[in-house]
Amino acid sequence: GIGRHPTQDVPRLFAEASAKHPQVQTIVTEPLGHDIPLILNVVDNTVRSSIDQALTSVSQEPPPFEETFFGSIQAAMNEAMVSQEQLQQEKQLDLSSPQHQQSQYTNE
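Residues numbered from 1 in each chain as written. Predicted model: local features only at pLDDT ≥ 70, side-chain atom pairs only at ≥ 80, totals over all residues. Heavy atoms only, no water.

*Asks:* Give a description of the confidence of the model for the protein that names residues and reports values.
*Replies:* When pLDDT is averaged along the protein, the result is 77, and 79% of the positions lie at 70 or above. Mean pLDDT values over the elements of the protein span from 57, in helix α4 (residues 98-107), up to 85, in helix α1 (residues 4-20). (pLDDT = per-residue confidence, 0-100. Helix = DSSP H or I, 4+ residues; strand = E, 2+ residues; numbered from the N terminus.)

*Asks:* Tell me about the environment of Pro6, and please be specific about residues and values.
*Replies:* Structurally, Pro6 is set in helix α1. Pro6 sits in the partly exposed class, given a relative accessible area of 23%. Separated by 28 residues in sequence, Pro6 and His34 have C-alpha atoms that sit 9.6 Å apart. Discounting chain neighbours no more than four positions away, the residues touching Pro6 are Pro11 and Pro31. (Buried < 20%, exposed > 50% of the residue type's maximum accessible area, 1.4 Å probe, protein only. Contact = heavy atoms within 4.5 Å.)

*Asks:* So what's going on with the environment of Glu61? Which residues, and what values?
*Replies:* Relative to the helices and strands, Glu61 is located in the loop between α2 (36-55) and α3 (69-95). The sequence separation of Glu61 and Ile51 amounts to 10 residues, and the corresponding C-alpha distance is 9.1 Å.

The following block contains the structure:
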């Protein structure tokens, strides 16, 4: 199967970003691959190019990536990865604790 990330996480991240940026119309497509930051950068560059062309006559700077729709998604993904890493570190610490090691010997 394709896993939980494209079927649950991505739609949730898009919903959260859409709530922060209701003026942006979005659709979620079939999974495009595993290099999500690269995909987001490609899309962001395409959108920025269009915005740059449109804003040239108005003389406004586009917002920084972090403040854009895709920046919101990237930030949420980064937070999720940090949370997962912290959970893994906590599990490793718990497994190396004296209490855990002692319980292994008493269960044998």
